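For reference, the chains in residue letters:
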Amino acid sequence: MPTENALTSDATADPCQPANNLKAAAITGRDVLLHTIFQSVSECVKVFDKQGNFLAMNRAGLEMVEVDSFDEVEGESALAFIAPEYHAAMKSINSEVLKGHSGRAEYEVIGKKGGRRFVESQSVPLSDTSGEITGILSITRDMTPTRDAKIAIRESHERFRRMVEQLPAGAIAIEGEAVFFNRTTEEILGYSSDEIATLDDWFSLLYRERSDEVRQLYEADKVDGFPGRREIKVTCKSGEIKTVEFAGYVDRESEIWVLHDVTERKKAEEAVKLRERQLSTLMSNLPGAAYRCLNDEQWTMEFISDGCEQVCGYSANEITDGSPTWAEFMHPDDRERVWNEVQISLKEHRSFQFVYRIHHRSGQERFVWEQGQGVFASDGQLEAIEGFMTDITELEQTKQQLVQGERLAAMGKMLSALAHESRNALQRIQSGVEMLKFEFDEASESYEDLRRIAGAREDLQRLYDEMRSFAAPMNLQISDCDLSGIWKKAWTHLEPAWKPRAVRLIENTADSDPVLPVDSFRLEQVFRNLLENSLAACSDPIQIEIECVNSDVDGQPGVCVSLRDNGPGLTEEQRSRIFEAFFTTKHKGTGLGMAIAKRIVEAHRGTIEARNSSSGGAEFVLKIPRAKP
């Protein structure tokens, strides 16, 4: 984000600004608005550093210290323009402001040309985005006319009236029930002093239906002590509603109220607030995150919208604090490619657009689509990168599924033709083997050769069957089934494989309702594959534990089934590739069993995950929603 103070940013020369700010880039509409307010207010507005030296001052301030350009006072101590007898008090007030408090002071200003003004200042601390106090903002009003007015009121009523008439701001004098105000006030309100001569006129004409309410507020303030300033809406003679700021000065004999028409300022402030609300609403509803970052290898974020939590799982504050950095999210295999593409785009002053992978806070690998461009200063120097990113994991997965579906459809057609052409040949092989068995003795080598031929034919037939099952469309036959009954059926069918071995199957369904709408035949294939893998991977004694609990599946009610064994566990390669087609560690495996299992689970709108359990063995976790697929 831009680092220049909004009050001092401008792209054109201004005698009220530091020279280095004249080199700033084109400012935003909001900055223009703030700059206009800063320069147009009648009060002196000053910004000091922590040592009390001038950093910025508006035109009213330059007039107060009697200089023509800010260059004449830039970096100079403010104490140089304050009468010496006030120095100690000013240092004490500034010290309190730098501790986080506000401060108010009255003192005498001595201008460069010798002019003296008695002023009132209100000071507040300035902080950066991290909350650290970096300086002081002070608004100073020239109180000399008011002080003179008090003296004039005590000396003479007519003299008092002449003084009020000559004040540069709107002024109202109240003596008892009588009201007098100057021409500036007449211009603001549209009423003359003759039309509003008493307090009753004042309240009835300016506040109308609210006159009683405001009169009561005024009387209460007289008893409790008038506040330093109060903003209130008044109805002008034209019917226009204006917001005016009153500052009251009261002595025993009379009241003086200085008023400023702040209608335009309030409108500007409301416009800024509205724009900020609109921007905040827009940012909050983006299907992703807008950002501004530095062009470094960590992609240090200066700003990122709250939508980043949907993308990566971390809050905006965590990312802008650099814990972690955006580069740490990115998949190691994509970092160099992304860096190179961005650098080329920045060099050519064009936008960039690409897709890359990140590691989500949940541990998932997600796909991110990002578009952005460089932000350059007027001298061509790169200031930052701004852009937008969104999670397109589901879209990317859908694309991959479409590609896989096309491949499977083509494979299915090929396999159907191949199986059709091969069926007769396999049957002839089987018939020939059966006939030849009668020609040889079972103990002979030739008979053993026939057994191997028959086994090879069965392996080839199984390969055709599994590939056809993998490639064929997944048409589910759904009915309400007990999952525990399904895995028990799969276990029973595997009895020839586990009966001769030392095997223990532990089942735990106490914390779940395992009944839900599924295709029992297909899920039996899944459990059979998982159980076969555990039996093949484990040495005796074997312990297989199946646990079923109620769970959420993508925010929907469902069940979670965990199957754990006491085998050697899975290697990193096995964990990452176990569901790939044709990946296998078995000597006789086709590598399609787990790929088919994954297709079946996903057809039920569920998920299946492979990992190592806390005890070290392999663990497969199935999550299946209760909603009918």
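In this report, we go over the structure that sits alongside the text.

1. Notes on the overall build of the protein
So, step 1. Across its full length, the protein holds 20 helices and 22 strands.
So, step 2. Across the 629 residues of the protein, 42% fall into the buried class.
So, step 3. A separation threshold of at least 6 residues defines the contact pool for the protein, and within that pool the share at least 24 residues apart is 53%.
So, step 4. Accessible surface, the protein as shown: approximately 34000 Å² in total, 50% of it carbon and sulfur.

2. Concerning the side chain of histidine 360
So, step 1. Position of histidine 360 relative to the elements: it lies in the loop between β13 (352–359) and β14 (365–376).
So, step 2. A relative accessible area of 18% means that histidine 360 is categorised as buried.
So, step 3. Beyond its immediate stretch of four places on either side in the chain, histidine 360 contacts Glu309, Gln310, Val311, Cys312, Gly313 and Arg366.

3. Description of the sheet that holds strand β7 (residues 178–181)
So, step 1. Spatially, five strands are ordered β7-β6-β10-β9-β8 in an open sheet, and the strand pairing comes out antiparallel. At either end of the open sheet lies a strand with only one pairing partner, and these are β7 and β8 (230–235). Strand after strand, the sheet turns through a mean of 30° between neighbouring axes, direction not considered.
So, step 2. Relative to β8, helix α8 (residues 211–224) is tilted by about 150°, and along the sheet it contacts β6 (170–175), β8 and β10 (255–261).

4. Concerning the sheet that holds strand β15 (residues 382–391)
So, step 1. Reading across the sheet, the five strands line up as β12-β11-β15-β14-β13 and stay open at both edges, with antiparallel pairing between neighbours. Looking at the sheet topology across the chains shown, the edges are occupied by β12 (301–304) and β13. Geometrically, the sheet is characterised by an average inter-axis angle of 30° between neighbouring strands, direction not taken into account.
So, step 2. Sheet analysis places strand β11 (residues 289–293) next to β12, joined by three bridges and oriented antiparallel. Bridge pairing links tyrosine 291 to isoleucine 304 in β12.

5. Remarks on the nonpolar core
So, step 1. Ranked by size, the top nonpolar core spans 40 residues in total, and within it Leu483, Val518, Leu523, Val526, Leu531, Val561 and Phe620 carry the most contacts.
So, step 2. If you list the elements that add at least two residues to this core, you get α16 (483–493), β18 (515–518), α18 (520–537), β19 (542–553), β20 (556–565), α20 (593–603), β21 (607–612) and β22 (618–625).
So, step 3. The element that contributes the greatest number of residues to this core is α18, accounting for six residues.
So, step 4. For valine 561, the contacting residues outside a window of four places in its chain are Leu483, Trp487, Phe527, Ile546, Glu547, Cys548, Phe620, Val621 and Leu622.
So, step 5. Listed in part, the 26 residues of the second largest apolar core include Tyr291, Cys312, Ala327 and Tyr356.

6. A few points about the packing of aromatic side chains
So, step 1. For the structure on display, the rule yields 14 aromatic pairs.
So, step 2. Between tryptophan 299 and tryptophan 339, the ring centres sit 5.2 Å apart and the planes meet at 50°, which makes this aromatic pair tilted. Placement of the pair is tryptophan 299 in the loop between β11 and β12 and tryptophan 339 in helix α13 (residues 332–347), with a sequence separation of 40 residues.
So, step 3. Given a relative accessible area of 24%, tryptophan 339 falls into the partly exposed group.

7. Let's talk about the pattern of salt bridges
So, step 1. Following the criterion strictly, the structure yields 41 salt bridges and no others.
So, step 2. Close ionic contact of lysine 598 with glutamate 602 constitutes a salt bridge, the shortest N to O distance being 2.4 Å. Placement of both lysine 598 and glutamate 602 in helix α20 is noted, with a separation of four residues, approximately one turn of the helix.
So, step 3. Classification of lysine 598 by relative accessible area gives partly exposed; the value is 26%.
So, step 4. When its relative accessible area of 37% is taken as the criterion, glutamate 602 is described as partly exposed.
So, step 5. Members of the salt-bridge network, linked through shared partners, are Glu545, Glu547, Arg564, Glu609, Arg611 and Glu619.

8. With respect to α16
So, step 1. Within α16 the residues assigned to the buried category are Leu483, Ser484, Ile486, Trp487, Ala490 and Trp491. End-on view of α16: buried residues confined to an arc of 160°, all on one side of the axis.

9. A closer look at the state of the cysteines
Here a disulfide denotes a covalent bond joining the sulfur atom of one cysteine to the sulfur atom of another.
So, step 1. Per the stated rule, a full pass over the model turns up zero disulfides.
So, step 2. Not part of a disulfide, cysteine 560 finds its nearest cysteine sulfur in cysteine 548, a span of 7.9 Å.

10. Thoughts on the pairing of β22
So, step 1. Among the eight residues in β22, seven count as buried, and that is most of the element.
So, step 2. With seven bridges connecting them, β20 and β22 associate as antiparallel partners. The residue of β22 that forms the bridge with valine 561 is leucine 622.
So, step 3. As paired strands, β21 and β22 are joined by six bridges and run antiparallel to one another. Looking across to β22, one finds that alanine 610 is bridged to phenylalanine 620.

11. Notes on the pairing of β7
So, step 1. As paired strands, β6 and β7 are joined by four bridges and run antiparallel to one another. Each bridged residue has a counterpart across the sheet, and for isoleucine 174 the counterpart in β7 is valine 179.
So, step 2. The turn joining β6 and β7, which pair antiparallel and follow one another in sequence, is formed by two residues; a positive phi near 70° is taken by glycine 176.

12. Quick look at the environment of lysine 266
So, step 1. Here lysine 266 lies in helix α9 (residues 263–285).
So, step 2. Residue lysine 266 is classed as partly exposed on the basis of its relative accessible area of 24%.
So, step 3. A sequence separation of 22 residues divides lysine 266 from valine 244, and the C-alpha atoms of the two residues are 9.6 Å apart.
So, step 4. In this structure, lysine 266 is in contact with Glu231 and Thr243, ignoring residues within four places of it in sequence.
So, step 5. Among the polar contacts listed, one links the side chain of lysine 266 to the side chain of glutamate 231, at a separation of 3.1 Å.

13. Section: unusual backbone geometry
So, step 1. Proline 324 follows serine 323 through a cis peptide bond whose omega is 5°.
So, step 2. Secondary-structure assignment places proline 324 in the loop between α11 (316–320) and α12 (326–329).
So, step 3. Even without being glycine, tryptophan 299 reaches a positive phi, approximately 50°.
So, step 4. Positioned with a positive phi, arginine 605 is a non-glycine residue whose angle comes to about 65°.
So, step 5. Mapped onto the fold, arginine 605 is located in the loop between α20 and β21.

14. Regarding a negative patch on the surface
So, step 1. A contiguous patch of negative charge, built from Asp68, Asp71, Glu72 and Glu74, is present on the exposed surface.
So, step 2. By the element assignment, glutamate 72 lies in the loop between α2 (59–64) and α3 (87–97).
So, step 3. Under the relative-accessibility criterion, glutamate 72 is labelled partly exposed at 40%.

15. A short note on the side chain of serine 121
So, step 1. Here serine 121 is to be found in strand β4 (residues 116–127).
So, step 2. Among the polar contacts made by the side chain of serine 121, one reaches the side chain of threonine 140 at a distance of 2.5 Å.
So, step 3. Ignoring any residue separated from it by four or fewer positions in sequence, one finds serine 121 in contact with Lys46, Gly103, Arg104, Ala105, Tyr107, Ser138, Ile139 and Thr140.

Parameters at a glance
- Residues numbered from 1 in each chain as written.
- Predicted model: local features only at pLDDT ≥ 70, side-chain atom pairs only at ≥ 80, totals over all residues.
- Heavy atoms only, no water.
- Helix = DSSP H or I, 4+ residues; strand = E, 2+ residues; numbered from the N terminus.
- Buried < 20%, exposed > 50% of the residue type's maximum accessible area, 1.4 Å probe, protein only.
- Contact = heavy atoms within 4.5 Å.
- Areas by Shrake-Rupley, 256 points an atom, 1.4 Å probe, with all protein chains shown as cover.
- Pairing = 2+ DSSP bridges.
- Axes fitted to C-alpha atoms, helices over the stretch in contact; angles between N-to-C directions.
- Core = buried A, V, L, I, M, F, W, Y, C linked by side-chain atoms within 4.5 Å.
- Phe/Tyr/Trp six-rings, centres within 6.5 Å; stacked < 30°, edge-to-face > 60°.
- Salt bridge = Lys/Arg side-chain N within 4 Å of Asp/Glu carboxyl O.
- Arc of directions from axis to C-beta.
- Disulfide = S-S within 2.5 Å.
- Polar contact = N/O pair within 3.5 Å; in protein donor to acceptor, adjacent residues only side chain to side chain.
- Patch = residues over 30% accessible without salt bridge, like charges linked within 9 Å, V, L, I, M, F, W, Y side chains within 5 Å.
- Lys, Arg positive; Asp, Glu negative; His and termini not counted.
- Charge placed at Lys NZ, Arg CZ, Asp CG, Glu CD.

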